[in-house]
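Chain by chain, the residues:
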Amino acid sequence: MKALVALILLVQLPIHKAVPAAPPAPLGCDDPESEAAAEVAVNYINGHSHHGYKFALNRIEDIRVVPQGPNNDIIFLELDLLETKCPILSPTPLANCTVRSFAEHAVEGDCDVKMQKVDGTLSVLASKCHSHADSSEDIRKVCPDCPLLARLNDTEVLETVSAALNDYNSKTTGSYLRLLEIGRAKIQYHPAHVVVTEFAVGATNCSAQEAKANVGACQLLPEDQSNFGFCTAVMVKVPSQDLQVDCQLYGHQVPAPDIPLLSQDTSAGLVPSAVGFINHNLGLAHNNPVASESSSSEILRSLLSAKSVAKRAVAEAAQHDKVPRPVGFVPPPPPCPGKIRHFDI
């Protein structure tokens with residue numbers, strides 16, 4: 001009888017079901033964790049780019065975290081970047097590089113980055129970027145007289161670079177410099193005809209004096225002695241004839257083990273490879289060879305999947321916000337996109 005009563009009491013006891021833990025709140029684009037991931041991603045992008053200029057973060061467009069297990073997450077980032085005034089070869093830290101102003105004909109970079117976070121350590125698995133200059137129409141609306149970016153292979157641009165290098169090499173007592181690539185160029189026609197160019201150079205194994213005898217024998221210094229630099233040249237063509245040249249050599253730099261400093265088969269002394277373009281496209285598609293999870297086709301599938309999921313989440317959130325709210329209710333800020341750090345183009 002006692003056993004029967006105990007059984008009845010047991011049956012009457014409430015059954016407590018295990019409540020699954022709520023999924024973590026989505027990471028916002030301006031959260032410290034997102035900004036830390038973006039910083040690692042931007043440094044990776046700049047470290048693996050070999051043309052043009054360094055890019056700085058302007059905005060985190062989107063972030064999605066996909067848990068893979070305990071203390072192991074895959075992170076997808078969409079980043080908007082802006083071109084700085086620091087050449088890619090410059091040793092200046094990115095934090096000290098000035099973003100080009102809107103009026104200087106800004107260049108924007110768009111990047112998709114796949115990362116992994118294991119035990120708090122972030123690493124980039126793969127990245128895909130492209131860049132474009134702001135439209136001429138937008139520049140004209142704000143600054144009608146500002147000169148626009150010229151084609152890198154424009155005849156006047158090439159003539160100015162050639163004259164600038166000849167002028168510098170004729171006066172220097174150091175190494176003879178060769179052209180690596182033209183970084184930027186602008187041509188102004190009013191009130192004066194002025195050509196402004198910026199270009200990367202490399203020191204050769206000849207002195208400027210030796211180059212006069214046989215310039216064809218002058219080769220870029222080997223990697224263990226390489227010395228790259230950057231020049232700016234301003235050519236006034238009308239109303240006067242004037243040329244100003246300023247070159248700065250950076251000294252020998254030791255590249256990271258997986259990052260070549262600069263290929264020795266660059267277009268040294270040749271017409272730049274970006275024929276017809278006004279800026280060097282960031283154009284980076286890189287898979288980290290030492291990271292797991294990376295493959296060229298897999299990153300594209302993953303990024304597309306992450307974007308579609310993010311769009312669905314935004315749509316669901318918008319639908320959810322149609323529910324009536326109490327008077328005085330202030331909705332939290334949307335997690336993405338994040339704040340604009342410089343300006344929008």
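Parameters at a glance
- Residues numbered from 1 in each chain as written.
- Predicted model: local features only at pLDDT ≥ 70, side-chain atom pairs only at ≥ 80, totals over all residues.
- Heavy atoms only, no water.
- UniProt positions renumbered as here; feature names shortened; annotations may be inferred.
- Helix = DSSP H or I, 4+ residues; strand = E, 2+ residues; numbered from the N terminus.
- Buried < 20%, exposed > 50% of the residue type's maximum accessible area, 1.4 Å probe, protein only.
- Contact = heavy atoms within 4.5 Å.
- Areas by Shrake-Rupley, 256 points an atom, 1.4 Å probe, with all protein chains shown as cover.
- Expected span 1.5 Å × (residues − 1).
- Disulfide = S-S within 2.5 Å.
- Phe/Tyr/Trp six-rings, centres within 6.5 Å; stacked < 30°, edge-to-face > 60°.
- Core = buried A, V, L, I, M, F, W, Y, C linked by side-chain atoms within 4.5 Å.
- Lys, Arg positive; Asp, Glu negative; His and termini not counted.
- Salt bridge = Lys/Arg side-chain N within 4 Å of Asp/Glu carboxyl O.
- Pairing = 2+ DSSP bridges.
- Axes fitted to C-alpha atoms, helices over the stretch in contact; angles between N-to-C directions.

Looking at an unreviewed UniProt entry, the chain carries the name FETUA protein, with the source organism given as Rhadina sibilatrix. Under the UniProt heading Subcellular location (unreviewed entry), the note attached to the chain is "Secreted".

Engineer: How should the overall build of the chain be read in this particular structure?
Structural biologist: Counting its regular elements, the chain contains six helices and nine strands. Counting the 345 residues in the chain, one finds 41% classified as buried. When contacts within the chain are restricted to residue pairs at least 6 apart in sequence, those whose partners lie at least 24 apart make up 72%. Total accessible area on the chain is roughly 19,200 Å²; 58% of this is exposed by carbon and sulfur atoms.

Engineer: Looking at this structure, I do not really get helix H2 (residues 32–47). What am I missing?
Structural biologist: Residue pairs three or four apart in sequence face the same way in an α-helix, which turns once every 3.6 residues. Taking 1.5 Å of rise per residue, 16 residues should cover 22 Å, and H2 covers 23 Å from first to last C-alpha, within 8% of that figure. Ser34, Ala37, Ala38, Ala41, Val42, Tyr44, Ile45 and Asn46 are the residues of H2 that are buried. Buried residues belonging to H2 abut strand S1 (53–69), strand S2 (72–87), strand S3 (107–118), strand S4 (121–133) and strand S9 (285–287).

Engineer: It is not clear to me how the state of the cysteines should be interpreted in this structure. Could you clarify?
Structural biologist: Each disulfide consists of one covalent bond between the sulfur atoms belonging to two cysteines. Applying the stated criterion across every chain, the model contains six disulfides. Between the sulfur atoms of Cys143 and its disulfide mate Cys146 the distance is 1.7 Å. Its S-S torsion of about 75° marks the bond between Cys143 and Cys146 as right-handed, since a negative value means left-handed. Across a sulfur-sulfur distance of 2.1 Å, Cys231 and Cys247 are joined as a disulfide pair. The sign of the 110° torsion about the S-S bond sets the Cys231-Cys247 disulfide as right-handed.

Engineer: Just checking my understanding: could you explain the packing of aromatic side chains for this structure?
Structural biologist: The description of an aromatic ring pair uses the distance of the two centres, along with the angle that the planes make with each other. Scanning the entire structure with this criterion turns up two aromatic pairs. Taking 5.8 Å as the distance between ring centres and 75° as the angle between the ring planes, the aromatic pair formed by Tyr53 and Phe230 counts as edge-to-face. With Tyr53 in strand S1 and Phe230 in strand S7 (residues 228–238), the pair connects residues that are 177 residues apart, well separated along the chain. Ring centres of Phe102 and Phe343 lie 6.1 Å apart, and the angle between their planes is 90°; this geometry places the pair in the edge-to-face category. Of this pair, Phe102 sits in the loop between S2 and S3 while Phe343 is found in the segment after helix H6 (296–320), placing the two residues 241 residues apart along the sequence.

Engineer: Please explain the nonpolar core as it appears in this structure.
Structural biologist: One recurring pattern in soluble globular proteins is that nonpolar side chains are buried together. Counting residues in hydrophobic clusters, the biggest one holds 26 residues, and the most contacted among them are Ile45, Leu77, Leu79, Leu81, Cys111, Val113 and Met115. Not counting residues up to four positions away in its chain, the partners in contact with Leu79 are Ala38, Ala41, Val42, Leu57, Arg59, Ile60, Gly109, Asp110, Cys111 and Val113. Core analysis: the next-biggest nonpolar cluster, separate from the first, contains 20 residues, Leu179, Ala185, Val195 and Met235 among them.

Engineer: Even after reading the chapter, I still don't get the side chain of Asp134, so can you show me in this structure?
Structural biologist: By the secondary structure assignment, Asp134 is in the loop between S4 and helix H3 (136–142). Buried within the structure, Asp134 lacks any salt-bridge partner; Lys141 is the closest side chain of opposite charge, at an N-O distance of 9.2 Å. When neighbours within four sequence positions are excluded, Asp134 is seen to be in contact with Phe102, His105, Ala106, Ile139 and Ile345.

Engineer: What is the right way to read the pairing of strand S8 (residues 242–249) from this model?
Structural biologist: The two faces of a sheet get side chains in turn, since along a regular strand they alternate between them. Across eight bridges, the pairing between S7 and S8 is antiparallel. For Met235, the partnering residue across the bridge sits in S8 and is Leu243. Taking the residues that link successive antiparallel strands as the turn, the S7-S8 hairpin has three residues.

Engineer: Where do I start with helix H4 (residues 155–171) in this structure?
Structural biologist: With 17 residues, H4 extends 25 Å from end C-alpha to end C-alpha; this agrees with the ideal 24 Å at 1.5 Å per step. Turning to H4, its buried residues number three or more, namely Glu156, Val157, Thr160, Val161, Ala164, Leu165 and Asn169. In this structure, the buried side of H4 is in contact with strand S5 (175–188), strand S6 (193–207), helix H5 (208–213), S7 and S8.

Engineer: How should the sheet that holds S9 be read in this particular structure?
Structural biologist: Note: strands within a sheet are paired through backbone hydrogen bonds, in either parallel or antiparallel orientation. In space, the five strands of this open sheet follow the order S1-S2-S3-S4-S9, with antiparallel pairing throughout. Bordering the open sheet on either side are S1 and S9, each of which pairs with just one other strand. When the angles between neighbouring strand axes are averaged without regard to direction, this sheet yields 15°. For S1 and S2, the ladder comprises 13 bridges, and the chain directions are antiparallel. For Arg59, the partnering residue across the bridge sits in S2 and is Asp80.

Engineer: Got a minute to help me understand the pattern of salt bridges in this structure?
Structural biologist: Counting across every chain of the model gives eleven salt bridges. When the shortest N-O distance is used, the salt bridge between Lys339 and Glu35 registers 3.9 Å. Of the two residues, Lys339 is situated in the segment after H6 and Glu35 in helix H2; the sequence distance between them amounts to 304 residues. One salt bridge connects Arg184 with Glu83, and the closest N-O pair in it is separated by 2.7 Å.

Engineer: What's the story with the environment of Ile60 in this structure? I'm lost.
Structural biologist: By secondary structure assignment, the location of Ile60 is in strand S1. For the pair Ile60 and Pro337, spaced 277 residues apart in sequence, the C-alpha to C-alpha distance is 6.1 Å. Leave out the neighbours within four places in its chain, and Ile60 touches Cys29, Ser34, Glu35, Ala38, Leu77, Glu78, Leu79, Pro337, Gly338 and Arg341.

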